[in-house]
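Report on the structure
What follows is each chain in one-letter form.
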Amino acid sequence: MATDQTMHGVPPSLSARVVGSFAYLTVRDRLPTILTKVVDTIHRNKNKFFEEYGEVGIQAEKQAISLLSKLRNELQTDKPVLALTDGLPDTDSWNQYLERQQRLQGDQEPVSWFKSPWLYVECYMYRRIHEALLLNPPISDFDVFNEGKTQSFTESSQAVMSLCTYLEGIKNNIDELSTNPLFEHFSKLMQVSLWGNKCDLSISAGQENSQKTSPLDSLYSLLPFILVDDTKRVWSALISAQRPRESGKNNADRVDIVLDNAGFELVTDLVLADFLVSSGLARQIHFHGKSIPWFVSDVTAKDFQWTIRQAMATNHKWVSKCGVQWQRYLKEGMWCYHDHPFWTQPHEFCDMAADAPDLYTTLQGADLVLFKGDLNYRKLTGDRDWEHTVSFETALRGFGPAMLCSLRTLKANIQVGLQPGQGEKLTSQDPSWMTSGKYAVIQFHNPKSE
Ligand code: F6P
Ligand code: MG
């Protein structure tokens, strides 16, 4: 098998091996902070475990904390990455991936936290957190990140209200809207969903990071921070996918949204999805979430259902109306939620066709796939040290189950598809442009236009 270095024309993976790099600082500082918070959270819930399960709950709490402290120590002392032992359906695939990494790295040194691809070791940390809980029934199902996710929703309540009010306003006369105003609303809601991605809890190492003000008010002033804006191409893609329906309407069959964070970002995605369906631009929306707690704030099935129930129960006319509508879409099958295990594995997406062919086939059924957030961008581009001017298509390395678009605020040292000189200019003006979450891209690819 080719190594990272020998694969023709493909740059190496980002890694904490480069001292001082963002990957290095993440592995050195951010990941141990996240692990410490996980330990604190479990410990703070000790009484709850005791009330629910008695002494067994306390034993499980102690055991889980001990496994997590061991994990933190392995990370901080750059120990070899260990095989998983929890016997879940994906355990073998993780262990095979470890062997694959070892082959890629050669046998001079073991796969380890600071020497191996950052994408791999960071994903592995979340899988090990899951293992620490799973090995300790009865607290196996405890989501250590739940508090932060629900808090992010609650603290964004003003922003949620203004967004739902805006959506309900549009829906009032949506059937009469001509193409231009429809495009304007589409573009605004894409931007709201884009900037919703600022609110993740991994970049802030679990620190509160919610949306306090109305996102709609700041869209105009944020426009210069969108480095690549392919909204018009996404729109054309949706229009070109319109087909006549029995209902008498023309629309695209299906848009898939590969979700990122719960809390405010999820609400922005639900609002966009609602708009796509109610405007008739799409007939169906398929959401893809995570099957285990992941990167602190990522959406799981529980978060998804909880958010919709919370919206329904909110004492605000338009928010609760949205919640009721979203529940109805799910019940009637216009919306559905999937959580394929591939989303919580460390693979670059160019591996999907070979390593998760069923998921690849599922995505091929979509007219358009929206990938939310930074981690999805890292996986789309392989988390590699690409030149900024390399095209998105090149960085995707053949991944293209359908027309796709990444909506991402920049929180890792990787960005492709820029104009010559654009990256250099940004570096001189604002050295942390790739990691501050201040900049963003709406980047589109049509595999059929190659
Ligand atoms: O911890 C690092 C990281 O992978 C960053 O790249 C990013 O800030 C975050 O985690 C995940 O971001 P997102 O929620 O946008 O995928
Ligand atoms: Mg995330």
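Residues take numbers from 1 onward in each chain, read along the sequence in its written order. Chain labels run from A onward and ligand labels from 1 onward, assigned in the order the entries are written. The model is predicted, so local features are restricted to residues of pLDDT at least 70 and side-chain atom pairs to those at 80 or more, both for listing and for counting; the totals for chains, interfaces and linings are taken over all residues. For the side-chain quantities, the full set of heavy atoms in the structure was used; hydrogens and water were omitted.

Note the cut-off: UniProt positions are given in the numbering used here, feature names are shortened, and annotations may be inferred rather than shown by experiment.
In the annotation of an unreviewed UniProt entry, the entry for the protein chain reads Sugar phosphate phosphatase, and the organism field reads Maylandia zebra. In its Sequence similarities (unreviewed entry) section, the UniProt record describing the protein chain reads: "Belongs to the damage-control phosphatase family. Sugar phosphate phosphatase III subfamily."

Some words on the layout of surface pockets
Note the following rule: We place a 1 Å grid over just the protein atoms. Points where a 1.4 Å probe fits but has no way out form a cavity, open points with protein on both sides within 12 Å along at least 5 of 7 lines form a pocket, and any residue with an atom within 4 Å of a point lines it. Grid points are joined across faces, edges and corners, and a volume is the space filled by probe spheres set on the points. Numbering of helices and strands starts at the N terminus; helices are DSSP runs of H or I of at least 4 residues and strands are runs of E of at least 2.
A volume near 420 Å³ is recorded for the largest pocket. Lining the largest pocket are 20 residues, with P12, S13, L14, S15 and R17 positioned closest to its centre. For the lining of the largest pocket, the secondary structure elements donating two or more residues are α1 (22–44) and α4 (91–105). Top element by residues in the lining of the largest pocket is α4. It accounts for 3 residues.

Looking at the state of the cysteines
Going by this rule: A pair of sulfur atoms, both from cysteines and within 2.5 Å, is called a disulfide here.
Across all of its chains, the model carries 0 disulfides by this definition. Summary of cysteine pairing: C164 is not part of a disulfide, and the nearest cysteine sulfur, belonging to C322, is at 3.7 Å.

Concerning empty space enclosed by the protein
The line we're drawing: When residues are sorted by character, Ala, Val, Leu, Ile, Met, Phe, Trp, Tyr, Cys and Pro go into the nonpolar class, Asp, Glu, Lys and Arg into the charged class, and all the rest, Gly among them, into the polar class.
A full pass over the atoms with the stated rule returns 2 cavities of 30 Å³ or more. Reported here for the second largest cavity is a volume of approximately 50 Å³. Around the second largest cavity sit K149, T150, F153, A262, G263, D303, W306 and T307, which together line it. Listing elements by their share of the lining of the second largest cavity, those giving two or more residues are α6 (146–154) and α12 (301–313). For the lining of the second largest cavity, the per-class residue count stands at 3 nonpolar, 3 polar and 2 charged.

Description of the site of ligand 1
How we decide: In these notes, residues near a molecule or strand are those with any non-hydrogen atom within 4 Å of it. Here a polar contact means two N or O atoms within 3.5 Å. Within protein one must be a hydrogen donor candidate and the other an acceptor candidate, and residues neighboring in sequence count only if both atoms are side-chain atoms. Accessible surface area values rest on a Shrake-Rupley calculation with a 1.4 Å probe, where residue burial reflects the displayed protein chains alone. The split into domains, and so the bounds of each, comes from an automatic or database assignment of domains.
The local shell around ligand 1 holds 17 residues, among which E122, D374, L375, R378 and K411 are the closest. Here E122 contributes a side-chain N or O atom positioned 2.5 Å from an oxygen atom of ligand 1. A distance of 2.9 Å separates an oxygen atom of ligand 1 from a polar atom in the side chain of N261. Protein burial of ligand 1: of its 390 Å² of free accessible surface, 100% is covered by the chains. For the shell around ligand 1, the leading source of residues is helix α16 (residues 374–380), giving 3 residues. Here the residues of the shell around ligand 1 sort into 5 nonpolar, 5 polar and 7 charged. Residue-level mapping places the shell around ligand 1 at the junction of two domains, with at least three residues from each of domain 1 (22–135) and domain 2 (145–445).

Points about the domain arrangement of the protein chain
To keep it simple, the criterion reads: Contacts are residue-level and defined by heavy atoms, with any inter-residue pair within 4.5 Å sufficient. Note: buried area is the sum, over both parts, of the accessible area (probe 1.4 Å) each one loses when the two are combined. Salt bridges are identified by distance alone: a Lys or Arg side-chain nitrogen within 4 Å of an Asp or Glu carboxyl oxygen.
Under the domain assignment, the protein chain is made up of domain 1 (22–135) and domain 2 (145–445). Distance from the C-alpha centre of domain 1 to the C-alpha centre of domain 2: 28 Å. On the domain 2 side, the residues contacting the 23 residues of domain 1 number 26 residues. When the two sides are added together, the surface that domain 1 and domain 2 hide from each other amounts to roughly 2,100 Å², 62% of it contributed by carbon and sulfur. One can count 4 salt bridges joining domain 1 with domain 2. For the salt bridge of R100 with D351, the shortest nitrogen-to-oxygen distance reads 2.7 Å. Linking domain 1 with domain 2 are 5 residue pairs in polar contact (both at pLDDT 80 or more). Ranked by residue count, the leading element in the side of domain 1 that touches domain 2 is helix α5 (residues 118–134), at 9 residues. Among the residues making up the side of domain 1 that touches domain 2, the classes are represented as 11 nonpolar, 5 polar and 7 charged.

Some remarks on the packing of α12 against helix α13 (residues 317–331)
Packed helices, taken two at a time, are described by the angle between their axes plus the distance between the axes. Convention followed: Between N-to-C directions, angles cover 0 to 180 degrees, with each direction set by a line fitted to C-alpha atoms, over the stretch in contact for helices. For classification purposes, angles smaller than 35 degrees are called roughly parallel, those larger than 145 roughly antiparallel, those between 65 and 115 roughly perpendicular, and all remaining angles oblique.
In contact at an axis separation of 6 Å, α12 and α13 are set at 135° when each is read in the N-to-C sense. With respect to each other, α12 and α13 are oriented oblique. In this structure, α12 contributes F304, I308, A311 and M312 to the contact, and α13 contributes V319, S320, G323, V324, W326, Q327 and L330. Residue composition of the contact of α12 with α13, grouped by class: 8 nonpolar, 3 polar and no charged.

Some points on the packing of aromatic side chains
The cut-off we apply is this: Pairing of aromatic side chains here covers Phe, Tyr and the six-membered ring of Trp, requires ring centres within 6.5 Å, and sorts the geometry by plane angle: under 30 degrees stacked, over 60 edge-to-face, intermediate tilted. Only protein chains enter the accessibility calculation, which uses a 1.4 Å probe; a residue whose area is less than 20% of its type maximum is buried, one above 50% is exposed, and one in between is partly exposed.
In total, this model carries 30 aromatic pairs according to the counting rule given. Taken together, a centroid distance of 5.9 Å and an interplanar angle of 65° make the contact between Y24 and F114 edge-to-face. Separated by 90 residues along the polypeptide, Y24 in helix α1 and F114 in the loop between α4 and α5 bring together distant segments of the chain. Exposure class is identical for Y24 and F114. Each is buried.

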